[in-house]
Amino acid sequence: MRYIVFIAILSICISCHQTIKEGAKVVAPFQVLPGKIKHIDSFQSSYVDARKIDIWTPGDFDPNKKYAVIYMQDGQMLFDSTTTWNKQEWQVDETMDKLLEEHKIHDAIIVGIWNNNQYRSAEYVPEVVLNYFPNALKTDLEKNYFKSKPRSNDYLRFLVYELKTFIDSSYPTCTDPQHTFIMGSSKGGLISLYAICVYPQIFGGAGCLSTDWVLTVPQNKEEEAKFNIPLTFIKYLSENLPDPKNHRIYFDYGTETLDHFYEPFQIEVDSLMVKNGYTSKNWMTKKFSGEDHSEHAWARRLHIPLEFLVGVSSDL
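Since this is a predicted model, take the numbers as computed values, not measurements.

(A) Here's a closer look at the pattern of salt bridges. Applying the stated criterion across every chain, the model contains 13 salt bridges. Across the pair Asp 154 and Arg 157 runs a salt bridge whose closest N-O atoms are separated by 2.7 Å. Residue Asp 154 and its partner Arg 157 are located together in helix 5 (residues 152-170), separated by three residues, close to a single helical turn. The partner of Lys 287 in a salt bridge is Glu 263, with the nearest N and O atoms 3.3 Å apart. In this pair, Lys 287 is assigned in strand 9 (residues 283-288) and Glu 263 in helix 9 (residues 263-275), connecting sequence segments 24 residues apart. A residue is classified by how much of its surface remains accessible, and Glu 263, at 27% relative accessible area, is partly exposed. Linked through salt bridges whose partners overlap, the residues forming this network are Lys 98, Glu 102 and Lys 104.

Here is the structure:
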């Protein structure tokens, strides 16, 4: 009897392994607690390198309902700390489930977009900043910082024209901007803010946690003057923030490690928000004293931007 049971279990394991190894297409959903994730091993794109995508749906997912969608950067860091480089995660599934159970947010799906590591900076740093630099400095940045030509515009095209199209055709989503959000931390916060500026007709809200205004910590005054990327992007924002009448933007930052450098730049951005007509109804910036630049920190406060963007008190 034990032998039969062993053979049965072995057969199930082999079957599951074969399903996961289907390759560059959608593979079988795997269970997280709570909810379910469908993993795409290699989502093909005409704009950027193929990459992994994780699509989280709530435990009570109903194909007859309509769902908001939250696109999140650095998808490999969202759900499972046992597979991440620093053994940390955002705990997105646990936080979403708790908020849904407490009826604090609207029904929503999470789309986790894995970064491709090598070109993360090239894809996440808004290439519009290079328009403010002389050609020699552009070349220097591409060679020594991006390790590539700038790719952020192509990355956004991939999100808007390929990934969103796939999600909306595969899931019962509300496709309008009032139900479409984008979120990330650090450089992921930077590209999320850029996305809502470039495609305000697609994204109705952006969550920018520990937005990396600094990018690199300057070692001396000469380097600080040379790579003044934050101020160039802030100049861009002054002319390109989306209409506050139908957009919501969340910022935050800590006070430790890399977050320690962000406050002066965030204060400038906050001033721009006020000048462009944003109020507490559609904009929030929060400072978290003692918090650092890590997934643990973002996990502890993730519920705040989620409630601000897709909360039941929002205008969805």
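(B) Local environment of the side chain of Asn 282. Topologically, Asn 282 is positioned in the loop between helix 9 and strand 9. According to the relative accessible area criterion, Asn 282 is buried, its value standing at 9%.

(C) A look at helix 11 (residues 303-310). Among the eight residues of helix 11, six are classified as buried, and the element is accordingly described as predominantly covered. When we look at burial in helix 11, the residues that qualify are Ile 304, Pro 305, Leu 306, Phe 308, Leu 309 and Val 310.

(D) Just unusual backbone geometry, in detail. If you check the backbone angles, His 103 has positive phi at about 60 degrees while not being a glycine. With respect to the secondary-structure elements, His 103 resides in the loop between helix 2 (92-101) and strand 5 (108-113). Phi at Thr 257 is positive, roughly 50 degrees, even though this residue is not glycine. Topologically, Thr 257 is positioned in the loop between strand 8 (248-254) and helix 9.

(E) Structural context of the packing of aromatic side chains. The full count for this structure, using the stated rule, is 14 aromatic pairs. Their ring planes at 65 degrees and their centres at 5.7 Å tell us that Tyr 194 and Tyr 236 sit as a pair that is edge-to-face. Taken together, the residues Tyr 194 in helix 6 (residues 187-198) and Tyr 236 in helix 8 (residues 229-240) connect sequence positions 42 residues apart. With respect to class, Tyr 194 is no different from Tyr 236; both count as buried. With 6.2 Å between their ring centres and 45 degrees between their planes, Trp 213 and Phe 251 make a pair best called tilted. One end of the pair, Trp 213, is in the loop between strand 7 (205-209) and helix 7 (221-226); the other, Phe 251, is in strand 8, with 38 residues separating them in the sequence. This pair shows no difference in class: Trp 213 is buried, exactly as Phe 251 is. Ring-pair connections join several aromatic residues into one group, and the members of that group are Phe 43, Tyr 124, Tyr 155, Phe 158 and Phe 166. The ring of Tyr 119 is capped by Arg 151, whose NZ or CZ atom sits 3.7 Å from the centre of that ring. The cationic tip of Arg 248 hangs over the ring face of Phe 308; the distance from NZ or CZ to the ring centre is 4.4 Å.

Here is what the cut-offs are and how they apply
- Residues numbered from 1 in each chain as written.
- Predicted model: local features only at pLDDT ≥ 70, side-chain atom pairs only at ≥ 80, totals over all residues.
- Heavy atoms only, no water.
- Salt bridge = Lys/Arg side-chain N within 4 Å of Asp/Glu carboxyl O.
- Helix = DSSP H or I, 4+ residues; strand = E, 2+ residues; numbered from the N terminus.
- Buried < 20%, exposed > 50% of the residue type's maximum accessible area, 1.4 Å probe, protein only.
- Phe/Tyr/Trp six-rings, centres within 6.5 Å; stacked < 30°, edge-to-face > 60°.
- Lys NZ or Arg CZ within 6 Å of the ring centre and 35° of its normal.

None of this, on its own, says anything about what the molecule does.
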